[in-house]
Amino acid sequence: MSKNILRVENATMQFGGVVAVDNLSMEVNEGEIVALIGPNGAGKTTAFNVITGVYAPSNGMVTFDGEPIVRNHPQGKMKKLYKGENSTMYTAAYVPAGRPPMEDEEATKAWNDAEHERDPFVGSDKVLAPTPDKITERGMARTFQNIRLWKSQTVFTNVLIAKHMRRTHGLFSAIFRLNRKEEQQQREEVLQLLKIVGLEDVKDELATSLPYGKQRRLEIARALATDPKLLLLDEPAAGMNPQETLELTKFIGEIRDNFKMTILLIEHHMDLVMDISDRIYVLDFGKLIASGVPEEIQNNERVIDAYLGVADDAED
Amino acid sequence: MLQKKDNKKNFIALIVVALFLALVLVLDQVIKPTDKMSMLLTVLQKGSVYALAAVSMNLLNGFTGLFSLGHAGFMLVGAYTYAIFTIPAESRDTVYQYYDAAIRVSFPEVLRSGLGSFGTVLGVVLAVVLAGLVAAVFAWLIGLPVLKLKSDYLAIATLGFAEIIRAVFQWGKLGPVTNGSNLLKSFERISTFKLTVGETTIKMSTFVPVLIATVCIALIVLLVNSTYGRSFKAIRDDEIAAEAMGINLAKHKMISFVTSSFFAGVAGATMAMVLGIAQASNFKSAMTYEILLMVVLGGIGSITGSVIGSVLFVAASEWWLRGLDSGVFLGINAPGIFRNGFRLVVFSVIIMVVVLFFRKGIMGDKELPDLLKPRAKKASKKASKKEVTK
Ligand SMILES: Nc1ncnc2c1ncn2[C@@H]1O[C@H](COP(=O)(O)OP(=O)(O)OP(=O)(O)O)[C@@H](O)[C@H]1O
Ligand SMILES: [Mg+2]
């Protein structure tokens with residue numbers, strides 16, 4: 001088995017009374033295409049938002065490429081407030097895997113008395129990536145379910161802006177154009193990328209003037225421009241007709257092969273999911289109800305009840 | 001090929017700007033202060049100040065999408081910094097008549113003693129740059145807490161900052177530095193900007209403010225078209241997407257805010273040298289609104305628009321519509337209608353009409369070169385079609 005690139009442990013995301021993601025644990029290995037499926041409102045997008053650092057989870061931890069990137073642990077500036085006598089306040093909310101519920105006093109006591117691996121982040125100075133841009137910098141890029149292209153910019157510039165992060169020059173060099181070489185290099189890379197995704201002929205058009213399917217492709221191109229190791233696709237085939245979906249399926253496979261990319265995707269088109277996924281996780285009401293290879297999922301009673309049975313109706 | 005085309009375009013732009021500056025220098029020599037056309041010089045002087053102020057505001061409000069209303073505050077800081085560091089020693093005590101002046105250094109004076117008239121120029125330049133830097137430092141300090149706020153709150157917070165700054169600069173306790181609520185005067189101003197080469201004296205009272213504005217606006221153009229400028233636009237268009245694509249929001253917003261304030265400070269310094277006085281009570285929020293109006297009239301997100309908007313604004317209010325207040329307008333003599341205040345009425349109507357018919361301002365989000373583009377595009381399309389049919 002190849003190396004594990006993304007690991008989500010006990011991720012919980014609560015919005016007031018709604019538990020959008022409930023104790024989700026999953027992992028993605030290098031080179032895999034993994035799908036996250038489930039009915040509308042199951043918490044798939046929220047899971048993405050936790051993984052990419054948009055939301056700080058109520059509990060849990062996300063490890064990327066062996067390093068923890070997100071945790072319900074005081075991060076960045078907040079961290080200072082929770083040092084010293086307050087240091088247990090925050091970590092109390094982190095429920096390590098295997099700990100019995102608080103109500104079960106006896107079991108809790110036994111668990112507390114037993115030897116455990118010490119939580120390496122309690123009181124540590126290690127700053128975990130606090131904002132989404134830092135996580136993207138580490139090599140994780142995403143697309144959005146409700147397309148979020150920069151509407152005043154052309155197709156070309158949309159992808160070029162995503163290269164900004166990889167600059168080596170500072171503000172002064174940029175203003176006085178001392179970064180010409182780098183800029184030229186980036187422009188060529190973008191052009192190359194647009195060729196690969198098949199948007200070269202529309203590169204000077206406004207991003208939002210493209211048809212839906214091409215906008216989704218552009219979002220993928222933009223994400224690829226950040227040189228990620230892991231690509232998160234949130235419903236890349238939404239709003240596409242069967243023909244376009246078929247092309248996209250092929251395209252995602254090509255991305256994996258050509259870029260040696262690992263892909264985690266959310267999708268409602270079951271043909272696509274079953275076709276390209278190596279493994280599938282199924283969410284329902286925030287909880288993981290099944291995981292496994294496509295055949296297992298297709299024959300799983302719970303999944304059929306909760307989702308697959310109605311999936312055909314849910315699709316538009 | 002792309003770069004070659006760009007180089008050619010840049011070259012043409014550079015020549016146009018140089019010609020414009022030369023023209024201004026000529027106008028400076030030929031137009032006498034008593035001429036009717038001397039209004040043109042006034043418009044150029046004040047127009048430069050407002051054009052720079054508007055463009056720097058546009059950098060923040062138009063290109064980065066941060067709706068800030070603190071511009072007058074930063075201009076005030078710039079104007080005072082410039083004034084304080086260019087008052088000559090002999091006038092210092094007359095200016096600070098109620099206080100014991102704390103800062104007693106005048107850059108132009110110090111440098112003049114060593115370098116002659118070139119020293120004066122250098123001193124003025126230094127004071128202008130310092131004015132920008134001090135404004136930038138203020139921006140950095142208030143940017144730390146304020147830039148986290150979302151649109152409306154940011155506007156309110158920056159507006160509040162500008163009002164507080166105005167009050168603080170008039171505060172008696174700071175009198176030794178700011179001269180309290182009294183105005184600063186007798187510092188280096190445009191009417192004294194001359195260069196003597198042998199026998200001839202070259203007047204530069206319009207040239208200097210125009211040059212300052214041109215250089216600063218050119219820098220802003222370079223910034224906006226750089227990789228940082230593109231990221232600003234990304235933040236404006238969709239902040240969440242920008243952050244997800246690795247753009248550090250806090251850092252880039254701060255860069256935009258500090259740069260914008262730096263140039264607002266320079267605009268304030270230029271305003272001081274044009275008017276010859278600096279007084280905190282002049283930098284009211286109404287000034288910010290006026291600049292905002294110029295930005296909106298010209299087109300939010302267009303530098304060309306901001307320049308056109310502000311020059312037209314200044315020309316209309318200072319020159320073309322003057323007659324509406326003083327009895328005679330376009331040869332019509334009607335003192336009954338054209339009396340004090342009527343100018344503002346007409347001015348407001350014009351602005352309303354412009355806003356109604358140009359929803360996105362005069363230029364929208366287009367720049368000067370964009371206006372020439374469509375034709376070029378069509379031509380190239382035709383050319384490519386021909387190739388295909390062949
Ligand atoms: N920012 C938020 N504040 C409050 N509730 C939220 C927020 N984001 C998501 N939710 C809630 O969390 C639940 C899960 O939403 P989510 O968008 O993750 O579902 P999803 O699985 O992506 O659904 P879909 O297939 O429709 O995209 C929903 O009930 C939603 O209302
Ligand atoms: Mg979703």
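Residues numbered from 1 in each chain as written. Chains lettered and ligands numbered in written order. Predicted model: local features only at pLDDT ≥ 70, side-chain atom pairs only at ≥ 80, totals over all residues. Heavy atoms only, no water.

A look at the packing of helix 5 (residues 107-115) of chain B against helix 6 (residues 117-146) of chain B
Residue and element names in this part refer to chain B.
Here comes step 1: The interhelical angle for the contact between helix 5 and helix 6, taken along N-to-C directions, is 150°, at an axis separation of 7 Å. One way to sum up the angle between helix 5 and helix 6 is to call them roughly antiparallel. Crossing geometry of helix 5 relative to helix 6 is assigned as right-handed. Mapping the contact onto sequence places Phe107, Pro108, Leu111, Arg112 and Leu115 in helix 5 and Ser117, Phe118, Gly119, Thr120, Leu122, Gly123, Val124, Leu126, Ala127 and Leu130 in helix 6.
Here comes step 2: Its residues assigned to classes, the contact of helix 5 with helix 6 shows ten nonpolar, four polar and one charged. (Axes fitted to C-alpha atoms, helices over the stretch in contact; angles between N-to-C directions. Helix = DSSP H or I, 4+ residues; strand = E, 2+ residues; numbered from the N terminus. Parallel < 35°, antiparallel > 145°, perpendicular 65-115°, else oblique. Left-handed = near helix turned anticlockwise from the far one by under 90°. Contact = heavy atoms within 4.5 Å. Nonpolar A, V, L, I, M, F, W, Y, C, P; charged D, E, K, R; others polar.)

Quick look at the coordination of the magnesium ion (ligand 2)
Tetrahedral metal sites with four donors have an ideal angle of 109.5 degrees; octahedral sites with six donors have ideal angles of 90 or 180 degrees.
Residues and elements named next belong to chain A.
Here comes step 1: Summarising the metal site, the magnesium ion (ligand 2) is bound by the protein donors Thr45 (OG1) and Gln145 (OE1), whose distances to it range over 1.9 to 2.1 Å. Placement of threonine 45 in helix 1 (residues 44-51) and of glutamine 145 in the loop between strand 6 (140-142) and helix 6 (155-162) is noted, with a sequence separation of 100 residues between them.
Here comes step 2: For threonine 45, a relative accessible area of 25% gives the class partly exposed. (Donors = N, O, S within 2.8 Å, 3.2 Å for Na, K, Ca; no water. Buried < 20%, exposed > 50% of the residue type's maximum accessible area, 1.4 Å probe, protein only.)

Some words on the packing of aromatic side chains
Here comes step 1: On inspection of all chains with the given rule, the structure shows eight aromatic pairs over all chains.
Here comes step 2: An aromatic cluster is present here, built from Phe74, Phe161 and Phe257 of chain B joined pairwise through their rings.
Here comes step 3: Here arginine 148 of chain A stacks its cationic end above the ring of phenylalanine 144 of chain A, 5.6 Å away from the centre of that ring.
Here comes step 4: In this arrangement the basic side chain of arginine 222 of chain A is found over the ring face of tryptophan 150 of chain A, its NZ or CZ atom lying 4.4 Å from the centre. (Phe/Tyr/Trp six-rings, centres within 6.5 Å; stacked < 30°, edge-to-face > 60°. Lys NZ or Arg CZ within 6 Å of the ring centre and 35° of its normal.)

Concerning the packing of helix 2 (residues 38-63) of chain B against helix 14 (residues 303-320) of chain B
Residues and elements named next belong to chain B.
Here comes step 1: At a closest axis distance of 7 Å, the pairing of helix 2 and helix 14 adopts a crossing angle of 140°. What the angle tells us is that helix 2 and helix 14 run oblique. When you trace helix 2 past helix 14, the crossing you get is right-handed. Across the interface between the two elements, Met39, Leu40, Thr42, Val43, Lys46, Gly47, Tyr50, Ala51, Ala54, Val55, Asn58 and Phe63 of helix 2 pack against Ile303, Ser306, Val307, Ser310, Val311, Val314, Ala315, Glu318 and Trp319 of helix 14.

Description of the confidence of the model for chain A
Here comes step 1: Per-chain confidence: chain A averages 84 in pLDDT, with 83% of residues scoring 70 or above.
Here comes step 2: Note that residues 74-93 of chain A has pLDDT below 50 and, in this model, 27 contacts with residues that lie over four places away or in other chains. (pLDDT = per-residue confidence, 0-100.)

As for the nonpolar core
Here comes step 1: One finds Leu52, Met75, Tyr82, Leu184 and Met273 of chain B to be the most contacted residues of the largest nonpolar core, which totals 101 residues.
Here comes step 2: For this core, the element with the highest residue contribution is helix 2 of chain B, accounting for 14 residues.
Here comes step 3: Contacts of methionine 273 of chain B, omitting those with residues within four sequence positions, involve Tyr82, Val124, Val128, Phe187, Glu188, Arg189, Ile190, Phe193, Val208 and Ile212 of chain B.
Here comes step 4: With 59 residues, the next largest nonpolar core counts Val159, Val273 and Ile276 of chain A together with Ala244 of chain B among its residues. (Core = buried A, V, L, I, M, F, W, Y, C linked by side-chain atoms within 4.5 Å.)

Quick word on the site of ligand 1
Residues and elements named next belong to chain A.
Here comes step 1: Not every one of the 13 residues close to ligand 1 is listed here, only the nearest: Gly41, Lys44, Thr45, Thr46 and Gln145.
Here comes step 2: Here a nitrogen atom of ligand 1 sits 3.0 Å away from a polar atom, N or O, in the side chain of tyrosine 55.
Here comes step 3: Isolated, ligand 1 exposes 630 Å² of accessible area, and the fraction of that covered by the protein chains is 64%.
Here comes step 4: Per-element accounting of the shell around ligand 1 gives the leading share, three residues, to helix 1.
Here comes step 5: Each residue belonging to the shell around ligand 1 can be placed in one class, and the counts come to four nonpolar, seven polar and two charged. (Near = heavy atom within 4 Å. Polar contact = N/O pair within 3.5 Å; in protein donor to acceptor, adjacent residues only side chain to side chain. Areas by Shrake-Rupley, 256 points an atom, 1.4 Å probe, with all protein chains shown as cover.)

Let's talk about the pairing of strand 2 (residues 18-29) of chain A
Residue and element names in this part refer to chain A.
Here comes step 1: Where strand 1 (residues 4-15) meets strand 2, eight bridges bridge the pair, whose relative direction is antiparallel. Counterpart to methionine 13 in the pairing with strand 2 is valine 21.
Here comes step 2: Counted along the chain from strand 1 to the antiparallel partner strand 2, the turn is two residues long, and its residue glycine 16 has a positive phi close to 55°. (Pairing = 2+ DSSP bridges.)

Topic: the pattern of salt bridges
Here comes step 1: Across all of its chains, the model carries 22 salt bridges over all chains by this definition.
Here comes step 2: The closest approach of N and O atoms between lysine 3 of chain A and aspartate 65 of chain A, which form a salt bridge, is 3.2 Å. You can see lysine 3 of chain A sitting in the segment before strand 1 and its partner aspartate 65 of chain A sitting in the loop between strand 4 (59-64) and strand 5 (67-71), a full 62 residues away along the chain.
Here comes step 3: Residue classification places aspartate 65 of chain A among the partly exposed residues on the basis of a relative accessible area of 24%.
Here comes step 4: With a closest N to O distance of 3.1 Å, glutamate 183 of chain A and arginine 230 of chain B form a salt bridge. Of this pair, glutamate 183 of chain A sits in helix 8 (residues 180-197) while arginine 230 of chain B sits in helix 10 (residues 227-237), on two different chains.
Here comes step 5: Connected through shared salt-bridge partners, Lys3, Glu30, Asp65 and Lys229 of chain A make up one network. (Salt bridge = Lys/Arg side-chain N within 4 Å of Asp/Glu carboxyl O.)

Side note on the sheet that holds strand 5 of chain A
Residues and elements named next belong to chain A.
Here comes step 1: Strand order in the open sheet formed by four strands is 2-1-4-5, and the pairing between neighbours is antiparallel. Looking along the sheet, the strands with just one partner apiece sit at the ends: strand 2 and strand 5. Looking at each pair of strands side by side, their axes are set apart by 20° on average, direction ignored.
Here comes step 2: The pairing of strand 1 with strand 4 spans five bridges and is antiparallel. What sits directly across from leucine 6, in strand 4, is phenylalanine 64.

Structural notes on the sheet that holds strand 10 (residues 287-292) of chain A
All names here are of chain A.
Here comes step 1: Taken in spatial order, the six strands make up an open sheet running 6-7-8-3-9-10, and their pairing is mixed. In this open sheet, the two edge strands, each paired with only one partner strand, are strand 6 and strand 10. With direction set aside, neighbouring strand axes in the sheet form an average angle of 15°.
Here comes step 2: As judged from the four bridges shared by strand 3 (residues 33-37) and strand 8 (residues 262-266), these two strands associate in the parallel manner. Looking at the pairing, valine 34 lines up with leucine 264 of strand 8.
Here comes step 3: Contacting strand 3, strand 6, strand 7 (230-234), strand 8 and strand 9 (279-284), helix 1 runs over the sheet at an angle of about 140° to strand 8.
Here comes step 4: Strands in contact with helix 9 (residues 212-224) are strand 6 and strand 7; relative to strand 7, the strand with the most contacts, it is inclined by about 155°.

Quick look at the domain arrangement of chain A
All names here are of chain A.
Here comes step 1: We note that the domain assignment places domain 1 (4-139 + 228-315) and domain 2 (149-227) within chain A.
Here comes step 2: Tallying the contact residues gives 22 residues for domain 1 and 14 residues for domain 2.
Here comes step 3: Across the domain 1 to domain 2 interface the summed buried area is about 1,400 Å²; carbon plus sulfur atoms make up 72%.
Here comes step 4: Three residues, Pro228, Phe251 and Phe259, lead the burial of domain 1 against domain 2; their summed loss comes to 37% of the area buried on that side.
Here comes step 5: Counting the contacts that link domain 1 with domain 2 gives zero salt bridges.
Here comes step 6: Taken together, the links from domain 1 to domain 2 amount to two residue pairs in polar contact (both at pLDDT 80 or more).
Here comes step 7: Mapped onto the side of domain 1 that touches domain 2, the elements with two or more residues apiece are helix 5 (132-137), strand 7 and helix 10 (242-259).
Here comes step 8: Of all the elements, helix 10 adds the most residues to the side of domain 1 that touches domain 2, at six residues.
Here comes step 9: Classifying every residue of the side of domain 1 that touches domain 2 by side-chain character gives twelve nonpolar, three polar and seven charged. (Domains from an automatic or database assignment. Buried area = accessible area lost by both parts, 1.4 Å probe.)

Comments concerning a negative patch on the surface
Here comes step 1: Taken together, the side chains of Glu103, Asp104, Glu105 and Glu106 of chain A present a region of like negative charge at the surface.
Here comes step 2: Relative to the helices and strands, glutamate 105 of chain A resides in helix 4 (residues 105-113). (Patch = residues over 30% accessible without salt bridge, like charges linked within 9 Å, V, L, I, M, F, W, Y side chains within 5 Å. Lys, Arg positive; Asp, Glu negative; His and termini not counted. Charge placed at Lys NZ, Arg CZ, Asp CG, Glu CD.)

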